[in-house]
Amino acid sequence: MNEAIKLEYTISDDDFTRAGEASGDLKDKLKKMGVDPAVIRKVVIAMYEGEINMVIHANGGKITVTITTDEIIMELADKGPGIPDVKLAMQEGFSTAPDNIRSLGFGAGMGLPNMKKYSDEMTVETQQGVGTTVTMKVKL
Amino acid sequence: MTVNDIKELLDAKVLCCEEFLSNEVHTACGSDMMSDVLAFVKDQSVLITGLCNPQVIRTAEMMDITCIVFVRGKVPDEMTLQLAKERNMPVLSTARKMFEACGILYTNGLSGGKEN
Ligand SMILES: Nc1ncnc2c1ncn2[C@@H]1O[C@H](COP(=O)(O)OP(=O)(O)OP(=O)(O)O)[C@@H](O)[C@H]1O
Ligand SMILES: [Mg+2]
């Protein structure tokens, strides 16, 4: 493939049962493209964590996935409350998730550290009251 | 061990995707916390859980988990089961409790997987 492929997903606000649809769809598409399963696994785990975060912390948002010849870039942009202290949020175990989220199996404060672990590069741009954009790159 | 071996050992019911009963499982993870599953599980694992919602199926899918076992006789709702079918994820249900189910599988040779 010579030209970059761009995929866009709108993550609906607060619909927990549907969170993961975008990551599942991306997984199918990458499989069809014949991408290495080990790379697919990294990409979809990182994106799924981000997708869940958008739903539980930021009322949804937009995900743009760009696939080039040498990397997959995921940009997750939301207009949520922003992250007041990114360094703190990146620590394993830090979570502001309420109890109802915990009873659904999330909110252990493992998502952001896991996204960092599974991506080759990750940046978090955030402003309180404006939103958060997480960009992750995984090399092919 | 195969998915079918797990079914026999736990006297479990297969709720969907019977066609994958011969798939191989090497490791196991017992958890109700999907956050932890996403952070620690290796592939070709069985996920043993008491949590029943669509995100269990999604989590298993992203982690390339081989099959899910719901403990304490839990059966997921129709929507969750439908998602499992769509995503080709075998789902089993056993009357065993979490601790027992894990113990039985461990005794029969499944490990928790090595740390990376
Ligand atoms: N998109 C976001 N908008 C606003 N806050 C966020 C966003 N993503 C993460 N956070 C904040 O950072 C914290 C840590 O996020 P992280 O994903 O590591 O853990 P968690 O989502 O709370 O739990 P887990 O990911 O284990 O289910 C969250 O509890 C939340 O306060
Ligand atoms: Mg999270």
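Structure: see above.
Calculation notes
Along every chain, residues carry numbers that run from 1 in the direction the sequence is written. By the order in which they are written, chains take letters starting at A while ligands take numbers starting at 1. Per-residue local features of the predicted model are confined to residues with pLDDT of at least 70, and side-chain atom pairs are confined, for both listing and counting, to 80 or more; whole-chain, interface and lining totals are unaffected and use all residues. In computing side-chain values, all of the structure's heavy atoms are included and hydrogens and water are not. A pair of Phe, Tyr and Trp rings is counted when the ring centres sit within 6.5 Å of each other, with Trp represented by its six-membered ring. The angle between the planes then sorts it: under 30 degrees is stacked, over 60 is edge-to-face, the rest tilted. A run of H or I in DSSP counts as a helix once it spans at least four residues, and a run of E counts as a strand once it spans at least two, with each numbered from the N terminus. Each residue is placed in one exposure class: buried if its accessible area under a 1.4 Å probe, protein chains only, is under 20% of its type's maximum, exposed if it is over 50%, and partly exposed if it falls in between. Proximity is defined per residue: any heavy atom of the residue falling within 4 Å of a molecule or strand makes that residue near it. The term polar contact refers here to a pair of N or O atoms within 3.5 Å; inside protein, the definition further demands a hydrogen-donor-capable atom paired with an acceptor-capable atom, and it admits residues adjacent in sequence only when both atoms are side-chain atoms. Accessible surface area values rest on a Shrake-Rupley calculation with a 1.4 Å probe, where residue burial reflects the displayed protein chains alone. Points on a 1 Å grid over protein atoms alone make up a cavity when a 1.4 Å probe fits among them but cannot get out, and a pocket when they form an open set with protein on both sides within 12 Å along at least five of seven lines; lining residues each have an atom within 4 Å of a point. Assignment of a molecule to a cavity or pocket requires that more than half of its atoms lie within 2 Å of the corresponding grid points.

Visitor: Even after reading the chapter, I still don't get the packing of aromatic side chains, so can you show me in this structure?
Guide: How two aromatic rings sit relative to each other is set out by the distance from centre to centre and by the angle between their planes. Residues and elements named next belong to chain A. The full count for this structure, using the stated rule, is 2 aromatic pairs over all chains. Judged by centre distance (5.9 Å) and plane angle (75°), the ring pair of F16 and F106 falls under edge-to-face. One end of the pair, F16, is in the loop between β1 (5–11) and α1 (21–32); the other, F106, is in the loop between α4 (99–102) and α5 (111–118), and 90 residues separate them in sequence. The residues F16 and F106 share a single accessibility class, namely buried. Residues Y48 and F106 carry aromatic rings whose centres are separated by 6.5 Å and whose planes lie at 70° to one another, so their mutual orientation is edge-to-face. Residue Y48 is found in helix α2 (residues 37–58), and its partner F106 is found in the loop between α4 and α5; the two are separated by 58 residues along the sequence. By relative accessible area, Y48 is classed as buried at 0%. Counting every residue linked through ring pairs, the aromatic cluster contains F16, Y48 and F106.

Visitor: Help me understand the site of ligand 1 in this model?
Guide: Neighbouring ligand 1 are 22 residues; S95(A), T96(A), G107(A), M110(A) and S35(B) lie closest to it. Site remark: ligand 1 is flanked by residues from chains A and B. The backbone of G109(A) places a nitrogen or oxygen atom 2.9 Å from an oxygen atom of ligand 1. Between ligand 1 and the protein, one listed contact pairs an oxygen atom with a backbone N or O atom of M110(A) at 2.8 Å. In the complex, the protein chains occlude 95% of the 600 Å² of accessible area that ligand 1 would expose alone. When atom positions are compared with the pocket grids, ligand 1 is found to occupy the largest pocket. The dominant element in the shell around ligand 1, judged by the number of residues it contributes, is α2(A), at 4 residues.

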